[in-house]
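# A look at the structure
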Amino acid sequence: MADKGELVLVTGGTGFIGVYCIFQCLAAGYRVRTTIRSLKRENDVKKMLEEGEATNIDRLSFAEADLSKDDGWKEAIEGCTYVLHVASPFPPAPPKHEDDLIIPAREGTLRVLRLARDAGVKRVVVTSSFAAIGYGHTKKIEVYDEKTWTNPDGPGPSAYIKSKAIAERAAWDFIEKEGGALELSTVLPVGVFGPVLGPDFSISIQIVQRLLNGSFPGAPNLSFGVVDVRDVADLHLRAMTDPKAKGERFLAVSPPAMTILEMSLALRERLGKAAKKAPTRILPNIVLRLIAVFDKAVSLVLPELGEIKVMSNDKATGVLGWQPRSNVDAIMATAESLIKYDLV
Ligand code: NDP
């Protein structure tokens, strides 16, 4: 059990990963403060926590802060022992200009680090992403792990991918040059699945939603690393307190990567009638390209068509003793929760 006096700031408490981080910090006995863009959303966060049967909700407080403004951040960070910096722009479609994502992601991260250093925070854990590992490479990578860095100037990276790679790189540069006694570790999730706690969920969940509701006439020829949101939150807590996590990146994945067809067939096998619209065949690439003309969210994944990436979680499991549930269990938990909340 954590020292009851220790306060953890979780940025982005309205988000899918953010709310599970709050949940697990409260369960571990910490006091938690969370930033949200508007205090009007306080009850939305509490409702999600209640849906998940969170404990110690009375130990949670809220602060208003937006990544693109200075207001509120200093007060939010004051008095915290740890910061989990989870918030980052994660829109469903490409922005008008890539800087709309890159600037708040990078400057928001740097602001949190600067203020955390000045406030004497012990360690910040930044939620980075496989986006900061797996893209823009010109040579084949046999196994993607923490040693690999996305090349934002290479072929392919979208504005979101660039924003995550640039923000994480800026965080490590800051720690090296100006971090003082502040410690940093980063958690880099692949596609995050697991149970939603209501209608406000992350874009990654849309894949399962679309398979269940028959939006795809076939399974797009794509594959993803999969991880459950509960295991992502668990890895954040390990990265926050384990002395061995200081100065390290941790890829959060439950290998192997799954093709969308494998996800779809698993849904059918386990859910029966509830997954009757899930496709049983691959969607020809040409059809997906046509869908992408009208659907900007789909256009984001076109560079990945047909590619299967091999990813390793050896570092998180070996160094931190992290044990994620299986990829299929994560997908099923998403599907079951979408059905429970009538969100298909
Ligand atoms: P969500 O969209 O559910 O959460 C994003 C969070 O960031 C929300 O709380 C959102 O607030 C907040 N946010 C976005 N822009 C701003 C801003 N300008 N100022 C303040 N807060 C902001 O997605 P996830 O929970 O999945 O994402 C959380 C983190 O995990 C992000 O850093 C994302 O890049 C990373 N990640 C997610 C993966 C996934 O598959 N889901 C995979 C890898 C990494 P609001 O609710 O007000 O919009």
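Each value, and the rule that gives it
Residues numbered from 1 in each chain as written. Predicted model: local features only at pLDDT ≥ 70, side-chain atom pairs only at ≥ 80, totals over all residues. Heavy atoms only, no water. Phe/Tyr/Trp six-rings, centres within 6.5 Å; stacked < 30°, edge-to-face > 60°. Buried < 20%, exposed > 50% of the residue type's maximum accessible area, 1.4 Å probe, protein only. Lys NZ or Arg CZ within 6 Å of the ring centre and 35° of its normal. Pairing = 2+ DSSP bridges. Helix = DSSP H or I, 4+ residues; strand = E, 2+ residues; numbered from the N terminus. Axes fitted to C-alpha atoms, helices over the stretch in contact; angles between N-to-C directions. UniProt positions renumbered as here; feature names shortened; annotations may be inferred. Core = buried A, V, L, I, M, F, W, Y, C linked by side-chain atoms within 4.5 Å. Contact = heavy atoms within 4.5 Å. Near = heavy atom within 4 Å. Polar contact = N/O pair within 3.5 Å; in protein donor to acceptor, adjacent residues only side chain to side chain. Areas by Shrake-Rupley, 256 points an atom, 1.4 Å probe, with all protein chains shown as cover. 1 Å grid on protein atoms, 1.4 Å probe; cavity = no way out; pocket = protein on both sides within 12 Å on 5 of 7 lines; lining within 4 Å. Points joined across faces, edges and corners; volume = space filled by probe spheres on them. Nonpolar A, V, L, I, M, F, W, Y, C, P; charged D, E, K, R; others polar. Salt bridge = Lys/Arg side-chain N within 4 Å of Asp/Glu carboxyl O.

Bringing the packing of aromatic side chains into the picture now. Throughout the structure, instances matching the rule amount to 6 aromatic pairs. With 5.8 Å between their ring centres and 75° between their planes, F130 and Y135 make a pair best called edge-to-face. With a relative accessible area of 18%, Y135 lands in the buried category. A connected cluster of aromatic rings, assembled from ring pairs, spans F16, Y20 and F23. When the ring centre of W149 is taken as origin, the NZ or CZ atom of R169, which lies over that ring, is 4.0 Å away. Just above the ring of F250 sits the side chain of K315; from NZ or CZ to the centre is 5.2 Å.

Here we take up the sheet that holds strand β6 (residues 183-189). Here we have 7 strands laid out as an open sheet, ordered β3-β2-β1-β4-β5-β6-β11, and parallel in their pairing. In the strand order of this sheet, the two ends are held by β3 (60-64) and β11 (249-252), each with one partner. On average, each strand axis in the sheet is tilted by 20° relative to the strand beside it, whichever way the strands run. Looking at chain direction, strand β4 (residues 82-85) and strand β5 (residues 123-127) are connected through 4 bridges and run parallel. Looking at the pairing, L84 lines up with V125 of β5.

A separate point is the UniProt feature "transmembrane region" (unreviewed entry) in the chain. UniProt's feature table lists "transmembrane region" (unreviewed entry) at residues 7-30, given in the numbering used throughout. Secondary structure within residues 7-30 divides into 50% helix and 21% strand; the distance between the first and last C-alpha atoms comes to 6 Å.

Another point: the nonpolar core. Core analysis: the biggest nonpolar cluster contains 119 residues, and L49, L84, V124 and L267 have the highest contact counts within it. Here L267 is in contact with V208, L211, L212, G272, A275, I331, M332 and A335, once residues within four sequence places are set aside.

With that settled, consider the site of the ligand. In the region of the ligand, 26 residues are neighbours, and T14, R37, L67, Y160 and K164 sit closest. Contacts to the ligand include T14, whose side-chain N or O atom sits 2.6 Å from an oxygen atom. With respect to the ligand, the backbone of G15 contributes an N or O atom lying 3.1 Å from an oxygen atom. With the chains in place, 88% of the 890 Å² that the ligand exposes on its own is no longer accessible.

The calculated volume of the second largest pocket comes to roughly 250 Å³. Lining the second largest pocket are 18 residues; nearest its centre among them are G134, H137, Y144, E307 and K309. Among the residues making up the lining of the second largest pocket, the classes are represented as 8 nonpolar, 5 polar and 5 charged.

What follows concerns the pattern of salt bridges. What the rule picks out here adds up to 21 salt bridges. D200 serves as the salt-bridge partner of R41, at 2.6 Å between the closest nitrogen and oxygen. Taken together, the residues R41 in the loop between β2 (31-36) and α2 (42-51) and D200 in the loop between β7 (191-193) and α6 (206-212) connect sequence positions 159 residues apart. In the salt-bridge network here, residues are joined through shared partners; they are R41, D44 and D200.

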